Amino acid sequence: MTAKKITTRDELETAFYIRKEVFVSEQGVSLADEFDQYDQLNNGCDHILVYYNGEPVGTGRVRVVEGVGKLERICILKEYRKYGLGKVIIEALERIVGESGVSSVKLHGQVQAQGFYTKLGYDASSAVFLEDGIPHILMVKEFVHS
């Protein structure tokens, strides 16, 4: 299990494939809503791939919005969700944020994953809201710098 920052167009296309499988095919998000202006290399947004046994099976991205790291598009192919890869994705994205000097992160977590984010130190910070027809909640985390 390793995470790698995406640096090539081919890696980015692999991340797009994973996102299409999870968000569009599995969860019914429209293709038009899934992709946006941040889905490019070197555009103020860092993307990662997570590998299991050498195969890319998960992805996520992070960007800094108003001084806060915003974790987005976090997903893992269905058959690989039992291996702890979600934690690998979150930790890799948090590392990227930390390297930029930002001390807090937020994400719009699907309500069904709220317990997962809570275990990783995130606190609920909003009422439930719909995003692409799926119930979400704003989750936040402050970093402790030593």
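Just so it is clear, the model here is predicted, and its values are computed rather than measured.

**Q** Account for unusual backbone geometry, with residues named and values stated.
**A** Phi angles above zero are rare outside glycine, and R73 is one such case at about 55°. Within the secondary structure, R73 is located in strand β4 (residues 68-76). Positive phi, normally seen in glycine, also occurs at D132, with a value near 55°. Turning to its location among the elements, D132 is positioned in the loop between β7 (129-131) and β8 (134-142).

**Q** Which residues make up the pairing of strand β3 (residues 55-65), and what are the values?
**A** Inspection of the sheet shows strand β2 (residues 46-52) paired to β3 by seven bridges, in the antiparallel sense. Across the sheet, D46 pairs through a bridge with V62, a residue of β3. Linking β2 back to β3 in an antiparallel pair, the connection comprises two residues, with N53 at a positive phi of about 50°. In this sheet, β4 lies alongside β3 in antiparallel orientation, the contact comprising seven bridges. Among the inter-strand pairings, R63 is bridged to a residue of β4, identified as K70. Once β3 ends, the chain turns through two residues before running back antiparallel as β4, passing E66 with a positive phi of about 50°.

**Q** Would you mind going over helix α3 (residues 85-99) in detail, with residue names and values included?
**A** The terminal C-alpha atoms of α3 lie 21 Å apart, and with 15 residues this matches the ideal 21 Å at 1.5 Å per residue to within 8%. Taken as a whole, α3 has its buried residues at L85, G86, V88, I89, I90, A92, L93, E94, I96 and V97. Trailing α3 by a residue or two, G101 shows a phi angle of about 90°, which is positive.

**Q** Now, about the environment of V111: what can you tell me, with residues and values included?
**A** Checked against the element boundaries, V111 lands in the loop between β5 (104-110) and α4 (114-119). V111 sits in the partly exposed class, given a relative accessible area of 31%. Not counting the four nearest positions on each side in its chain, V111 is found in contact with V128, P135, H136 and I137.

**Q** Describe the pattern of salt bridges, naming the residues involved and giving the relevant values.
**A** It is possible for side chains bearing opposite charge to pair when their charged atoms get close. Evaluation of the coordinates by the stated rule reveals 15 salt bridges. Between E26 and R81 there is a salt bridge, and its shortest N-O distance comes to 2.8 Å. Separated by 55 residues along the polypeptide, E26 in helix α1 (residues 9-26) and R81 in the loop between β4 and α3 bring together distant segments of the chain. Classification of E26 by relative accessible area gives partly exposed; the value is 34%. We note a salt bridge from E94 to K141, for which the minimum N-O separation is 3.1 Å. Of this pair, E94 sits in helix α3 while K141 sits in strand β8, placing them 47 residues apart in sequence. The same class applies to E94 as to K141, namely buried. It is possible to trace a salt-bridge network through shared partners that takes in R19, E34, D36, D39, R61, R63, K70, E72 and R73.

**Q** Would you mind going over the packing of aromatic side chains in detail, with residue names and values included?
**A** Summed over all chains, the structure comprises six aromatic pairs. With 5.0 Å between their ring centres and 65° between their planes, F116 and Y117 make a pair best called edge-to-face. The class of Y117 is buried, set by a relative accessible area of 7%. Ring centres of Y117 and Y122 lie 6.1 Å apart, and the angle between their planes is 70°; on these two criteria the pair is classed as edge-to-face. In this structure Y122 comes out as buried when scored by relative accessible area, which is 1%. The structure contains a cluster of three or more aromatic residues connected by ring pairs, namely Y52, Y80 and Y83.

Rules of the game
Counting of residues starts from 1 at the beginning of each chain's written sequence and follows it residue by residue. Thresholds applied to this predicted model are a pLDDT of at least 70 for local features of residues and 80 or more for the giving and counting of side-chain atom pairs; totals over whole chains, interfaces and linings are not thresholded and use all residues. To obtain the side-chain values, all non-hydrogen atoms of the structure were used and water was disregarded. The way it works is that DSSP assigns letters per residue, a run of H or I at least four long becomes a helix, a run of E at least two long becomes a strand, and they are numbered from the N terminus. The criterion for strand pairing is that DSSP finds at least two bridges linking the strands in question. Under the convention used throughout, the expected extent of a helix is 1.5 Å for every residue step, that is, one less than its residue count. For every residue, the accessible area obtained with a 1.4 Å probe (protein chains only) is divided by the maximum for its type, and the residue is called buried under 20%, exposed over 50%, and partly exposed between those limits. Note on contacts: a residue pair is in contact if any heavy atoms of the two residues lie within 4.5 Å. Here a salt bridge means any side-chain nitrogen of Lys or Arg lying within 4 Å of a carboxyl oxygen belonging to Asp or Glu. Two rings belonging to Phe, Tyr or Trp (six-membered ring only in the last case) form a pair when the distance between their centres is within 6.5 Å. Interplanar angles under 30 degrees mark stacking, angles over 60 mark edge-to-face geometry, and anything in between is tilted.

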